[in-house]
Amino acid sequence: MSAQTPCKLKASDYKSDTKPVWCPGCGDFHVLLSLSKAAAEIGLQPEKIAVISGIGCSSRIPAYMNCYGFHGIHGRALPLATGVKVARPDLTVICAGGDGDGFSIGGNHLLHACRRNIDITYVVMDNEVYGMTKGQPSPTTAPDWDSKIAPGGIGISPFYPLVIALASGANFVARAFSGDPNGTTQILVDAIRHPGFSFVQILSPCVTFRPDQRDWKKQVHAAPVKPTSDASQAARRVMTDDGFNIGVLYKGSRDPYQQHVGHDIRFDRDIDEEFLP
Amino acid sequence: MTNPTGNHDTISIALIGKGGGGVLTAGEMLLRASAYFGRYGMMIPAVGPQIRGGESAALLRLGESPVNCLDDTFDVLLAIDWQHAERFRADIPLDADSLVIFDPAAGSVPDFIVGTGARMHELEMKALGDTVTGGRPNMVALGFAAAIAGIPESAVLKATEKKIGRKGRDAVDASSECVRLGYAQVASGGAAAAIEPAAAANTNSDRWLTSGNHAAGLGALRGGIRFAAAYPITPATEVLEWLAPRLNDAGGTLVQAEDELASINMAIGASFGGIPSLTATSGPGLSLMIEGLGLAVSAEVPLVVINVMRCGPSTGIPTKPEQSDFNAAVYGLHGDAPHIVVAANSVTDCVYTTQWAVHLAEAMQVPVIVLSDQFMGQASAIVDPIPSINFLSKRKLAENIGASFERYALTADGISPMPLPGTPGGQYTADGLEHSTAAKPSGLADDHLAQLDKRARKIDAFDYGQHWADIDGDGEFAVLTWGSTTSAVREAIGRLPVDLANKIRLVSLRLLSPARPLQMADALNDVERVMVIEQNHTGQLYRFLRAWYELPADVQTMYQPGPSLFRPGQLASTLHDWCLQ
Amino acid sequence: MREKSESVSAPFSMAELLAHALTIELEAVQSYRELAQQMQQCGNDEVAELFDRMSALEAEHAAKIRRTAGAIELPELAPWEYRWPGLESPENIDLAGVHYLMTPYQALQLALDNENNAMAFFEAAANTSTDDRVRALAQEFADDERQHVAWMQDWLSKYTPPGDDWDYDPDPPVAID
């Protein structure tokens with residue numbers, strides 16, 4: 001390839017012409033960029049990608065990509081994505097949303113999607129707040145973060161997404177940072193390519209309700225060790241996680257969920273016979 | 001069997017006993033034997049609230065012509081024992097013409113049974129069973145009951161082979177021997193004289209044995225469903241369990257979900273991907289699915305939800321039928337969310353109505369709720385073979401997509417071509433948010449109105465053909481009903497004197513929503529009075545009819561909640577008086 | 001997340017230098033354009049226009065680099081394979097510095113930082129180079145960026161720094177879902 005003859009897909013090929021509603025400065029812009037770069041890097045045709053989301057700022061992302069998308073109902077992105085993938089194993093399915101959609105109302109589905117190990121990539125843009133509804137604590141918010149709905153802080157322990165994903169059987173567990181789009185792109189390429197359920201928590205600051213998250217870029221750091229394929233080793237590591245380790249924690253080898261709708265739809269026996277007494 | 005209260009030709013036999021006694025097995029075998037003999041029939045299971053060891057009842061009705069509801073009373077009650085028999089008091093009405101067969105070794109006959117005035121006959125089922133190694137009282141009871149019903153021994157032995165066969169030769173032999181002992185007791189006199197034996201049935205055994213739930217599964221499969229999401233719930237679980245292996249065989253698949261919120265959304269996702277999809281549930285599950293149904297309405301995704309109704313509200317009575325989810329199904333969605341609700345009106349109709357629902361969902365890109373109920377769903381019935389019919393239309397797909405393509409374009413019939421994921425150029429984001437014709441989220445009044453109009457128009461303008469209702473007769477008195485109540489009403493009409501029966505026009509609605517004012521006006525042409533009959537506490541269909549249809553001035557209603565079934569005699573009496581008003 | 005590796009200070013080949021230079025400009029074109037769109041969405045027209053002009057400037061620069069590259073075969077690098085001094089391209093916008101009420105002064109400051117970073121990148125590339133032609137080209141690129149730095153400084157001088165209440169908005173954020 002020379003400078004004069006572009007021959008492969010570029011990130012911009014995945015951007016739709018819909019203007020994002022996100023606040024300027026939102027980390028999700030870089031997540032969108034990273035997803036686009038990752039798709040380009042793998043060489044996926046835009047029409048062969050389905051981006052499935054729930055409700056929240058992050059969940060607006062499908063409309064901003066030039067792919068097929070489904071902006072579903074709050075907390076139900078994972079079952080929606082599961083249905084798409086089982087029906088259409090030929091598609092690359094990206095499930096996306098925020099920490100509220102994914103860990104609160106959607107928490108139950110996270111557990112079972114990890115168990116099911118369906119071959120999709122789940123991207124959670126974690127900003128430790130419910131942004132869309134104007135600033136309530138989310139499951140990943142620190143207990144002492146003050147808000148109107150919970151003055152003085154919610155007072156309960158936060159949720160540890162990597163721990164939960166690992167314990168529930170996700171085949172790929174990683175954390176990324178939106179402020180490092182290239183690094184995030186690499187993790188996403190790895191996640192999408194890895195078979196089974198790939199869970200990627202992307203720390204993505206909320207410029208409007210969590211201006212304190214400007215400090216994240218100073219706090220994040222590369223994980224000190226390479227990814228492991230040993231779940232118990234990953235479990236030991238994640239128990240000492242400071243919440244800012246960036247990288248792939250775990251890459252397992254469980255077989256992905258096998259059942260799909262096939263293309264050869266045929267009956268090889270007369271089902272009517274089963275109704276004879 | 002002739003019966004002094006009417007001229008219907010059926011025999012109703014109830015078997016009761018404690019758990020572990022094999023009452024339901026015996027009942028199932030009796031039904032199967034009837035099928036082999038060429039009789040029609042149905043069996044309704046009834047159970048006490050124990051998971052194991054609880055009392056159970058097999059309620060059978062057998063006849064020369066199709067049987068779709070239970071009779072007013074039971075001709076025969078065969079009690080292997082009397083454990084908690086009073087639980088079945090309402091399920092097993094008896095009168096002086098009934099015959100109660102009981103084992104004297106199992107305790108005295110309860111007072112409420114004696115109080116019915118039924119004739120009593122002793123049968124030492126336990127003692128007789130004990131004479132055979134591996135013998136059981138329920139097999140003796142089976143033989144006896146079959147003999148009374150006039151079913152030849154050979155048919156019962158064939159059923160025994162079929163049911164017990166997998167347990168091995170010895171088990172079959174032991175059961176068969178007990179069956180023969182039961183027959184022998186009838187032949188030796190006493191009880192035989194109490195019930196007139198049925199006339200020999202034709203030996204045409206070209207019948208099917210199925211339940212409403214299995215029939216619904218068949219309808220789904222025939223309709224093209226190839227993805228199901230499943231979360232078990234009484235009394236719908238059998239639909240999903242029947243479908244699971246058969247979907248696999250058909251190249252499809254069933255995914256067990258973690259809850260109903262997941263199952264409805266999985267079905268929506270699979271349908272968005274292009275595969276006809278369904279889930280099945282009951283009242284509590286339907287409530288959980290309501291938000292998902294709204295998403296399918298807004299995003300215009302085809303979807304079928306089978307709701308096998310049980311007594312509500314809330315947890316209600318899980319093992320008993322009621323027609324009380326009409327409101328939830330028709331009105332439950334927030335916003336103006338037009339969608340389709342259909343109701344099967346017999347075990348056989350579960351096939352057609354479910355298949356029709358798939359066709360409607362795919363053709364109009366809309367969710368369709370199929371209302372069935374526990375009575376039909378879990379009844380075993382001998383029916384005529386159910387041939388396949390061909391609903392011709394299918395999903396309108398967008399294939400060669402140009403630059404000006406719009407997913408939710410306004411079309412004459414309201415149905416917009418749908419691009420399946422993978423189709424180049426058709427990329428769009430399906431959304432619960434209101435949207436423009438180009439599938440962009442929109443808060444504009446014009447877009448909202450345009451899409452609301454479109455989504456309403458597509459189901460209003462559709463030609464539902466003659467399937468929207470079953471209409472019997474052309475009399476000036478119309479009975480409006482739906483679901484399983486239909487069969488009891490039909491039988492009740494059949495019991496009226498001919499001149500009164502001819503006055504009645506039976507309209508059983510299959511399409512509950514959207515309303516069909518023109519078709520209804522036609523159906524009620526020249527009708528002077530209307531009676532609405534349904535099995536719920538508040539007359540849910542009746543209120544809907546009042547809201548959406550022009551009715552004659554004279555409208556009466558007859559509604560009662562579950563678990564009680566409408567009895568044909570009860571209905572005949574009401575209709576009789578109504579006709580003479 | 002990439003740790004800063006030793007290979008960042010290894011000398012670039014001609015093709016690598018050109019690939020890096022082109023990517024700097026192309027990514028800057030995109031990110032300035034997107035920022036312009038975002039500012040426009042929020043009604044910050046003045047800053048939107050500024051970002052549009054910067055996008056155009058970078059596009060010109062990209063065109064120039066393309067001409068310089070001619071028919072040279074450039075390596076196809078994955079996004080994480082670029083040898084930037086930091087995590088991202090030197091002209092990558094730090095979103096933490098973006099605000100819908102940002103003033104032209106702040107926008108230009110961001111741009112100025114970018115140009116300084118780019119200049120430093122090319123200076124370093126020139127200094128570590130062992131090939132005369134590569135060194136010369138790197139120096140040329142550095143000089144181009146120095147020119148941009150000067151433009152930005154000049155531009156910046158036309159605006160005053162924001163007051164303390166620059167981000168005061170009488171309208172609170174809106175929940176749209």
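Residues numbered from 1 in each chain as written. Chains lettered and ligands numbered in written order. Predicted model: local features only at pLDDT ≥ 70, side-chain atom pairs only at ≥ 80, totals over all residues.

Colleague: Got a sec to walk through the overall build of chain C? Specific residues and values, please.
Modeller: Per the secondary structure count, chain C includes four helices and zero strands. In chain C, the order of α-helices and β-strands from amino to carboxyl end is α-α-α-α. Referenced to the eigenvectors of the C-alpha coordinate spread, the extents of chain C come out at roughly 60 × 40 × 30 Å. Excluding contacts between residues fewer than 6 apart, the proportion of contacts in chain C whose partners are at least 24 apart in sequence is 79%. (Helix = DSSP H or I, 4+ residues; strand = E, 2+ residues; numbered from the N terminus. Contact = placed C-beta atoms within 7 Å.)

Colleague: Please set out the overall build of chain A residue by residue, giving values where relevant.
Modeller: What chain A contains, in helices and strands, is eight helices and eight strands. Reported as C-alpha extents along the three principal axes, the dimensions of chain A are approximately 70 × 60 × 35 Å. The buried share among the 277 residues of chain A stands at 58%. Counting contacts in chain A only where the partners sit at least 6 residues apart, residues at least 24 apart contribute 69% of the total. (Buried ≥ 20, exposed ≤ 12 C-beta atoms within 10 Å, placed from the backbone.)

Colleague: Report on the interface of chain C and chain A, specifying residues and quantitative values.
Modeller: Listed as interface residues are 33 residues of chain C and, on the opposing side, 36 residues of chain A. Contributing elements (two or more residues each) for the side of chain C that touches chain A: α1 (14-41) and α2 (45-69) of chain C.

Colleague: Residues and numbers for the nonpolar core, please.
Modeller: Ranked by size, the top nonpolar core spans 317 residues in total, and within it V173(A), A14(B), L15(B), L78(B), A145(B) and V304(B) carry the most contacts. With twelve residues, the top contributor of residues to this core is α1(C). (Core = buried A, V, L, I, M, F, W, Y, C linked by C-beta atoms within 7 Å.)

Colleague: For the interface of chain B and chain A, give the residues involved together with the corresponding values.
Modeller: On the chain A side, the residues contacting the 52 residues of chain B number 43 residues. No other element matches helix α10 (residues 260-272) of chain B, which puts nine residues into the side of chain B that touches chain A.

Colleague: Could you give an account of the arrangement of the chains, with specific residues and numbers?
Modeller: By contact count, the dominant pairing among the two pairs of chains in contact is that of chains A and B. Separated without contact, chain B and chain C have their nearest C-alpha atoms at a distance of 9 Å.

Colleague: Go over the sheet that holds strand β16 (residues 469-472) of chain B with me, naming the residues and quoting the values.
Modeller: Residue and element names in this part refer to chain B. Spatially, the five strands line up as an open sheet ordered β16-β18-β17-β20-β21, and their pairing is mixed. Every other strand in the sheet has two partners, leaving β16 and β21 (554-559) as the edge strands with one partner each. Ignoring which end each strand starts from, the neighbouring axes of this sheet average 20° apart. Here strand β17 (residues 477-482) runs beside strand β18 (residues 504-509); their pairing, made up of six bridges, is parallel. Across the sheet, residue F477 finds its bridge partner in β18, namely I504. On top of the sheet, helix α16 (residues 485-495) reaches β16, β17, β18 and β20 (529-534); it is set at about 150° to β17, its chief contact. (Pairing = 2+ DSSP bridges. Axes fitted to C-alpha atoms, helices over the stretch in contact; angles between N-to-C directions.)

Colleague: So what about the packing of helix α1 (residues 28-42) of chain A against helix α6 (residues 181-193) of chain A? Which residues, and what values?
Modeller: Residue and element names in this part refer to chain A. Between α1 and α6, whose axes approach to 8 Å, the crossing angle comes to 50°. One way to sum up the angle between α1 and α6 is to call them oblique. Handedness of the crossing formed by α1 with α6: right-handed. Seen from α1, the contacting residues are H30, V31, L33, S34, L35, K37, A38, E41 and I42; seen from α6, they are P181, T184, T185, L188, V189, I192 and R193. Classifying every residue of the contact of α1 with α6 by side-chain character gives nine nonpolar, four polar and three charged. (Parallel < 35°, antiparallel > 145°, perpendicular 65-115°, else oblique. Left-handed = near helix turned anticlockwise from the far one by under 90°. Nonpolar A, V, L, I, M, F, W, Y, C, P; charged D, E, K, R; others polar.)

Colleague: Could you give me a rundown of unusual backbone geometry, with the residues and numbers involved?
Modeller: Note: most residues except glycine have negative phi, and most peptide bonds are trans. A cis amide bond links G312(B) with the next residue in sequence, P313(B), at an omega value of -5°. When you line up the elements, P313(B) lands in the loop between β11 (303-309) and α12 (326-331). Geometrically, the link from G562(B) to P563(B) is a cis peptide bond, its omega value of 0° lying close to zero. Within the secondary structure layout, P563(B) lies in the loop between β21 and α20 (568-580). Here the phi dihedral of K134(A) falls at roughly 80°; this positive angle occurs in a residue that is not glycine. Position of K134(A) relative to the elements: it lies in the loop between β4 (121-126) and α5 (161-168). Unusually for a residue other than glycine, Q365(B) sits at a positive phi of about 55°.

Colleague: Summarise α2(C); cite the residues concerned and give the values.
Modeller: All names here are of chain C. Under the 1.5 Å per step criterion, the end-to-end length of α2 is 36 Å for 25 residues, consistent within 8% with the ideal 36 Å. Taken together, the buried positions of α2 are V47, L50, F51, M54, S55, E58, H61, A62, I65 and A69. For α2, the secondary structure elements touched by its buried residues are α1, α3 (104-127) and α4 (132-157). At the exit of α2 stands G70, carrying a positive phi of roughly 60°. (Expected span 1.5 Å × (residues − 1).)

Colleague: So what's going on with helix α9 (residues 237-249) of chain B? Which residues, and what values?
Modeller: All names here are of chain B. The end-to-end C-alpha separation of α9 is 19 Å, in line with the 18 Å expected for 13 residues at 1.5 Å each. Along α9, the sharpest change in direction is near 30° and occurs at L243; proline P245 comes one to four residues later. All of the buried residues along α9 are E238, V239, L240, W242, L243, R246 and L247. Looking at the packing, one finds that the buried side of α9 touches β7 (208-211), α8 (212-223), β8 (227-230), β9 (253-256), β10 (277-281) and β11. Two residues or fewer past α9, G251 is found with a positive phi of approximately 85°. (Bend = angle between axes of the 7 residues up to and from the residue.)

Colleague: So what's going on with the sheet that holds strand β15 (residues 429-431) of chain B? Residues and values would help.
Modeller: Pairing is mixed in the open sheet, where nine strands are placed in the order β7(A)-β8(A)-β5(A)-β6(A)-β4(A)-β3(A)-β1(A)-β2(A)-β15(B). Each end of this open sheet is capped by a strand with a single partner; those strands are β7 (221-222) of chain A together with β15 of chain B. In this sheet, strand β2 (residues 68-71) of chain A lies alongside strand β1 (residues 49-53) of chain A in parallel orientation, the contact comprising four bridges. Within β2(A), the position partnered with V51(A) by the bridge is G69(A).

Colleague: Before we move on, could you go through the pairing of β11(B) and cite the residues and values that matter?
Modeller: Residues and elements named next belong to chain B. Burial runs high along β11: seven of the seven residues are buried. Of the two faces of β11, the one carrying L303, V305, N307 and M309 and the one carrying V304, I306 and V308 are both buried. Looking at chain direction, β10 and β11 are connected through four bridges and run parallel. If you follow T279 over to β11, its bridge partner there is V305. In this fold, β10 hands off to helix α11 (residues 283-299), which returns the chain to β11; that crossover is right-handed. (Right-handed = clockwise from strand over helix to strand, strands pointing away.)

Colleague: Residue-level account of the environment of A215(B), with values.
Modeller: Residues and elements named next belong to chain B. If you trace the backbone, A215 turns up in helix α8. As a C-alpha pair, A215 and Y352 span 137 residues in sequence and 8.7 Å in three-dimensional space. Once you skip the residues sitting within four places of it in the chain, A215 turns out to touch T210, V347, T348, C350 and V351.

Colleague: So, the packing of helix α4 (residues 137-148) of chain B against helix α6 (residues 169-187) of chain B: which residues are in play, and what are the values?
Modeller: All names here are of chain B. Their axes nearest at 7 Å, the elements α4 and α6 cross at an angle of 45°. In terms of orientation, α4 and α6 fall into the oblique class. The two elements α4 and α6 cross, and the hand of that crossing is right-handed. The segment α4 lies against α6, with M139, V140, A141, L142, G143, F144, A147 and I148 engaging S175, C178, V179, R180, L181, G182, Y183, Q185 and V186. A per-class count over the contact of α4 with α6 returns twelve nonpolar, four polar and one charged.

Colleague: Talk me through the confidence of the model for chain C; I want residue IDs and the actual numbers.
Modeller: The predicted model of chain C has a mean per-residue pLDDT of 92, with 96% of residues at 70 or higher. For this predicted complex, the interface confidence comes out at an ipTM of 0.95, alongside a pTM of 0.95. (pLDDT = per-residue confidence, 0-100.)

Colleague: Describe in detail the pairing of β20(B), supporting the description with residues and values.
Modeller: Side chains on a regular strand alternate between the two faces of the sheet. Residues and elements named next belong to chain B. With five of six residues buried, β20 lies mostly within the body of the structure. Examined bridge by bridge, β17 and β20 share four bridges and lie parallel to one another. Looking across to β20, one finds that V479 is bridged to M531. Of the pairings in the sheet, the one linking β20 to β21 comprises six bridges and is parallel in character. Bridge pairing in β21 places R529 opposite D554. Tracing the backbone out of β20, into helix α19 (residues 540-548) and back to the parallel element β21 gives a crossover that is right-handed.

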